[in-house]
Amino acid sequence: MTAADPGAWRRLDRRMLLIHPIQEIPRALPALLAAFVAGNGSGQGLIWSAAALAITLAFAFSRWFTTRYRLTEDRAEVSSGLFRRRVRAVSRDRIRTVDVTARAMHRLLGLARVEIGTGRSDREEGGGVRLDGLTAAEAATLREELLHRRPQAHAVPSDADADAQTPLDAPAEPPEIELARLDSAWVRYAPFTLSGVVSVGVVIGFAFNILNEAGFDLEDWGPARDLADSLGHAPVVLVAVALAALALVAVVIASTVGYALSFWDFRLTRHPGGTLHVSRGLITTRATTIEERRLHGAEISEPLLLRMVAGARLIAIATGLRVGRGAERGGSLLVPPAPRGEVQRVAAEVIGTAEPLTCPLVAHGPRARARRYTRALAGWALLAAALAIGHWAIGGPWWLPVLALVLLPIAPLLAADRYRNLGHAVSGGRLVAAGGSLIRRRSAVAAEGIIGWNVERSFFQRRAGLATLTATTAAGEQHYDVQDVEIGEALRVAEQLLPGLTEPFLERPS
């Protein structure tokens, strides 16, 4: 906002008139195609398509004309909508994060999209406001104004004190502190993130959909037919190995490219105003600013493949971040897949101590171990039985139940790994909860970020004297579980972190 008119409504940059149609036309393709098909019945397919396209463009242009925003002393407001007017306001003392994103078209035009996050989860509508179409300079200024709390200028001394006091220059603002920067060697962890598998699957599915819509049959295409004939005469084992190798190469390439696009020029810095700043991206750049007073902990996440090469990633436990969309897509990712030692170092810098990340964990005992083995073996046995019954009843593939029995030894290995990763601790005023196998996690949540406890006991847990202690918080996933812990230990942990809250449930000597 300008100093002359601090509370006036403002529009987005006019260059968004070029971007809105590009955003809306792909979304309207099904409607445009339907209009073309419907018009062909009367021989006016092009006219109907042109009318549908004109309506789409008009709707796209209306987004700029009907969207306004303003920033007042106590709130940020966005007004939008053509047929249904909507005003969304966020109190400035509720602002937790400011996320600045610039996609390829935005960058070409010097624009950016600003998302102002509150303490509400993204899964709840109305969790924040979005300004899609500020200049890059306006976006940076807005982020500084909302989150970087700078001290006010010193007051000018009065005439009576002028002789007794000499005005001092304001102290120089300390520079930002760099906590982490992308190392080109980290790219070696990209193939172990499974993002390439998803990318290859999406590309293949999209290609097949396009070919199907175009009425193109691969069996009628000469090169594809010749390749199919050659594979048909080759040994099955050789074909399987060749296809697996081809798929592996495609996944490695897709993962590496995706990693570079997402985390190019990654930097994590701490600013003097009490904020963390994460910036990354090659084609689409993204900058997320997090108030440290809203940061209630950190989580070290180690997916199975990444763990096999001693890698990990760091996720912030803070209010207002988009964890519901995934750690790497949302603003909660503080360090991308990187060496585990580096992730631990940065986590200690972020939360101010390394103790919760390295302290020994309290084991959950033989009854928790027995539940891991029972659940793993029973689940696998039920799967094998269901496949066998299906084969007997409807004549499904015979090799499926056989394969389930052959792979049965995986179940106890999985159970052993799950128990080995299970544990908890109270360290440095934080709840440390660890668990998982396919994705091993170690979360450190500050006591001041915990707003309540849930103690759940299933029928089988009650018989084993165990419970699941859940720390409820407004940050991160909004709940962090200590699974299959003895009920007395669960209550003691809760009492140690939040004294008095669970006192009525603790046993007292008579």
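Up top is the structure.
Nothing here was measured: the structure is a model prediction, and the numbers come from that model. (Residues numbered from 1 in each chain as written. Predicted model: local features only at pLDDT ≥ 70, side-chain atom pairs only at ≥ 80, totals over all residues. Heavy atoms only, no water.)

A. Inspection of the overall build of the protein at higher detail. Across its full length, the protein carries 17 helices and 20 strands. For the protein, with 510 residues in total, the buried portion stands at 39%. Here the analysis covers contacts within the protein between residues at least 6 apart in sequence; of these, 57% occur between residues at least 24 apart. Surface accessibility of the protein: about 28,400 Å² in total, with carbon and sulfur atoms responsible for 63%. (Helix = DSSP H or I, 4+ residues; strand = E, 2+ residues; numbered from the N terminus. Buried < 20%, exposed > 50% of the residue type's maximum accessible area, 1.4 Å probe, protein only. Contact = heavy atoms within 4.5 Å. Areas by Shrake-Rupley, 256 points an atom, 1.4 Å probe, with all protein chains shown as cover.)

B. Structural context of the sheet that holds strand β3 (residues 75–80). Spatially, β1-β2-β3-β4 is the arrangement adopted by the 4 strands of the open sheet, whose pairing is antiparallel. Every other strand in the sheet has two partners, leaving β1 (10–11) and β4 (86–91) as the edge strands with one partner each. Sheet topology places strand β2 (residues 68–71) next to β3; 4 bridges connect them, and they run antiparallel. Note that in β3 the partner of Arg68 across the bridge is Ser79. (Pairing = 2+ DSSP bridges.)

C. Focus on the packing of aromatic side chains. One pass over the full model with this rule turns up 3 aromatic pairs. Both rings, one in Tyr259 and one in Phe263, keep their centres 5.0 Å apart while their planes meet at 65 degrees; by these two values the pair is edge-to-face. Residue Tyr259 and its partner Phe263 are both found in helix α9 (residues 236–263); the two are separated by 4 residues, about one turn of the helix. Accessibility assignment for this pair places Tyr259 and Phe263 in one class, buried. Above the plane of the ring of Trp64 lies Arg11, whose end atom (NZ or CZ) is 5.5 Å from the centre. (Phe/Tyr/Trp six-rings, centres within 6.5 Å; stacked < 30°, edge-to-face > 60°. Lys NZ or Arg CZ within 6 Å of the ring centre and 35° of its normal.)

D. Representation of the environment of Leu33 in the model. When you line up the elements, Leu33 lands in helix α2 (residues 29–40). Taking C-alpha positions, Leu33 is 9.4 Å from Ala52, a pair spaced 19 residues apart along the chain.

E. Spatial organisation of the side chain of His106. Of note, His106 is situated in helix α4 (residues 104–108). Take His106: its relative accessible area is 4%, and that puts it in the buried class. A polar side-chain atom of His106 sits 2.8 Å from a polar atom in the side chain of Asp132. Contact partners of His106, with chain neighbours within four places excluded, come to Met16, Ile19, Gln23, Leu111, Ala112, Arg113 and Asp132. (Polar contact = N/O pair within 3.5 Å; in protein donor to acceptor, adjacent residues only side chain to side chain.)

F. Region of interest: helix α15 (residues 410–420). Within the span of α15, buried status applies to Ala411, Ala415, Asp417 and Tyr419. Buried residues in α15 make contact with α10 (304–308) and α13 (365–394).

G. Layout of the side chain of Ser279. You can see Ser279 is positioned in strand β10 (residues 275–280). Classification of Ser279 by relative accessible area gives buried; the value is 19%. With near-sequence residues (within four places) excluded, Ser279 lies in contact with Asp265, Phe266, Arg267, Arg286 and Ala287.

H. Summary view of the nonpolar core. By size, the foremost hydrophobic cluster in this structure holds 30 residues, and its most contacted members are Leu268, Leu314, Leu334, Val335 and Val350. Residue assignment for this core shows that the elements contributing at least two residues are β8 (177–181), α9, β10, β12 (295–303), β13 (311–318), β14 (333–339) and α11 (340–351). Element by element, the count of residues in this core is highest for α11, at 6 residues. The contact partners of Leu268, leaving out residues within four places of it in the chain, are Ile177, Glu178, Leu179, Ala180, Leu276, His277, Val278, Leu334, Val346 and Val350. Residues Leu12, Ile95, Val100 and Ala139 belong to the second largest nonpolar core, which totals 24 residues. (Core = buried A, V, L, I, M, F, W, Y, C linked by side-chain atoms within 4.5 Å.)

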